[in-house]
Amino acid sequence: MGCLKSMKLLINNTTIVTVNDQDQILEHADLAVSGKTIVGVGKAPLDFIPDRVIDGKGKLVMPGLINAHTHLSMTLMRNYADDLPFSDWLFKKIKPLEDHLLAEDVRLGAKLGIAEMIRGGTTCFHDMYFFMDEVASEVESSGIRACLTSALFDVSGNGEALLAQGCRLHKDWNGRSEGRITVQLGPHSPYLCSPEYLREILIEGRRLNCGIHIHVSETADELSESRRLHGCTPVQHLSNLELFSLPTLAAHAVHLEEEDFKLLSENGVSVSHNPGSNLKLANGFAPVEKMLKHSINVALGTDGAASNNNLNLFEEIHLAGLMHKAVNNSATALPAKTVIRMATINGAKALKLDEEVGSLETGKKADLIMLDIRQPHLVPCHDPLALLVYSAQASDVTTVMVDGNILMEERQLQTLEMGPILEQAAHQSLELIERSQSRCPF
Ligand code: NI
């Protein structure tokens with residue numbers, strides 16, 4: 001890891017976007033970290049003697065970004081299936097590759113994804129995929145924070161085995177890496193999980209006392225199929241099954257009826273809004289403005305790199321900040337302050353980690369990023385929030401810290417070696433494609 005656990009670190013004379021309850025922004029301020037914990041925001045404690053001082057002049061410090069919905073190892077499928085309708089994309093191109101996935105694919109895809117996320121200022125992510133022990137190991141060694149779920153579905157007939165794997169992942173990894181890893185259950189979606197299977201997942205979720213991460217109402221077809229099969233929307237279907245009695249993160253929620261907003265709000269369901277993926281797959285515009293009016297906690301996610309085609313949360317911030325103004329025909333929709341909350345504290349709430357991360361406040365874990373704001377596209381800085389939403393790029397992030405450990409400094413990864421990762425991941429991606437073609441009779 002980049003620095004000693006007990007290290008006392010001071011970032012001085014900087015601009016701090018706290019994302020606290022008052023959305024305070026502090027200028028010429030200091031931020032003190034002792035070990036894993038933030039011990040001073042604005043000023044360091046009087047008796048604080050730092051082991052190291054980082055010059056914060058010309059920098060902006062903010063909470064690390066939280067990617068509330070992704071399938072990390074799909075980085076290997078980046079730019080492999082593009083400009084296709086959703087069902088062709090998923091069932092003709094992506095699923096055949098996933099049918100031939102090996103643990104090594106997932107391991108290298110995760111490594112590549114973690115490198116990409118750290119370099120873009122993401123300090124925590126919520127993942128749903130296969131061979132999740134591989135992802136957990138890479139999270140452990142890289143120093144990033146994650147909430148992990150094994151994808152669960154019973155349409156292929158092996159639902160029981162997948163559920164057993166998902167529960168075993170919880171047993172083996174929940175709370176590991178000094179609390180950096182948490183585990184939930186990940187029923188893929190109402191359309192890949194039968195009602196009986198979802199009831200079993202509910203029982204296991206109650207037993208494990210954990211939350212769930214599920215795709216909900218991503219496409220118009222999903223909505224009409226749900227009406228045909230269950231006589232109601234996917235949200236109503238899940239509510240009828242009492243799935244929302246578990247803490248729930250619903251990915252997408254693009255196609256919602258009036259009743260759905262009430263159900264999501266009353267049940268405290270969080271939503272991961274994934275604008276890049278929704279735009280690229282032409283799945284529609286999630287009614288985020290209306291969700292927020294119903295006090296639904298909306299976070300931001302990238303979805304997998306096969307439908308985005310990156311894991312760049314600054315791009316999602318930018319898209320969310322622009323798209324909802326156009327869709328609502330209102331330049332005041334989703335102001336910068338709201339979008340930054342979605343990418344930080346709302347993500348922490350969605351992952352049930354808001355006591356620990358998501359804002360820069362004394363007592364919270366030191367998960368933070370620094371941006372170099374002395375660059376032509378970021379000067380002058382009249383409003384740091386507007387700067388972050390409308391002007392900043394992922395490549396402006398210079399320093400990334402998780403749990404007080406520096407994972408990137410001056411854009412150099414500290415826990416991962418980028419050269420070999422790029423080479424190995426590119427090679428593994430070709431192997432995966434070859435493997436799927438050689439064994440596929442079609
Ligand atoms: Ni997804």
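Residues numbered from 1 in each chain as written. Predicted model: local features only at pLDDT ≥ 70, side-chain atom pairs only at ≥ 80, totals over all residues. Heavy atoms only, no water.

A.B. asks: Whenever I open this one, the packing of aromatic side chains confuses me. Can you help?
C.D. replies: Each aromatic ring pair is described using two quantities: the centre-to-centre distance and the angle formed by the ring planes. Overall, the coordinates contain 3 aromatic pairs when judged by the stated rule. The interplanar angle of 35° and the centroid separation of 5.9 Å between the aromatic rings of Phe-86 and Trp-89 together place this pair among those described as tilted. You can see Phe-86 and its partner Trp-89 sitting in helix 1 (residues 86-98), 3 residues apart, about one turn around the helix. Accessibility classification places Phe-86 together with Trp-89 in one group, the buried group. Look at Phe-130 and Phe-153: their rings are 6.1 Å apart centre to centre, the planes differ by 85°, and that puts the pair in the edge-to-face class. (Phe/Tyr/Trp six-rings, centres within 6.5 Å; stacked < 30°, edge-to-face > 60°. Helix = DSSP H or I, 4+ residues; strand = E, 2+ residues; numbered from the N terminus. Buried < 20%, exposed > 50% of the residue type's maximum accessible area, 1.4 Å probe, protein only.)

A.B. asks: It is not clear to me how the sheet that holds strand 14 (residues 298-300) should be interpreted in this structure. Could you clarify?
C.D. replies: Strand pairing in a sheet relies on backbone hydrogen bonds, with the paired strands running either antiparallel or parallel. The 4 strands lie next to each other as 11-12-13-14, forming an open sheet whose pairing is parallel. The open sheet has two edge strands, strand 11 (212-216) and strand 14, and neither has a second partner. Pairwise comparison of adjacent strand axes, ignoring direction, gives a mean angle of 30° for this sheet. Two elements, strand 11 and strand 12 (residues 248-252), share 5 bridges in a ladder whose sense is parallel. Bridge pairing links His-213 to Leu-249 in strand 12. Relative to the sheet, helix 12 (residues 336-343) contacts strand 13 (270-273) and strand 14, its axis offset from that of strand 14 by approximately 75°. (Pairing = 2+ DSSP bridges. Axes fitted to C-alpha atoms, helices over the stretch in contact; angles between N-to-C directions. Contact = heavy atoms within 4.5 Å.)

A.B. asks: Help me understand the layout of surface pockets, please; the structure alone is not making it clear to me.
C.D. replies: If you roll a probe as big as a water molecule over the atoms, it shows you where there is empty space left. Each pocket or cavity is described by its volume, and for the largest pocket that value is around 620 Å³. If you go around the largest pocket, you meet 33 residues; those closest to its centre are Lys-95, Glu-98, Phe-130, Ala-151 and Phe-153. When residues of the lining of the largest pocket are traced back to their parent elements, those giving at least two are helix 1, strand 7 (122-129), strand 8 (145-152) and helix 4 (159-173). Among the elements that take part in the lining of the largest pocket, helix 1 stands out by supplying 6 residues, more than any other. When the residues that make up the lining of the largest pocket are grouped by side-chain class, the tally is 18 nonpolar, 10 polar and 5 charged. (1 Å grid on protein atoms, 1.4 Å probe; cavity = no way out; pocket = protein on both sides within 12 Å on 5 of 7 lines; lining within 4 Å. Points joined across faces, edges and corners; volume = space filled by probe spheres on them. Nonpolar A, V, L, I, M, F, W, Y, C, P; charged D, E, K, R; others polar.)

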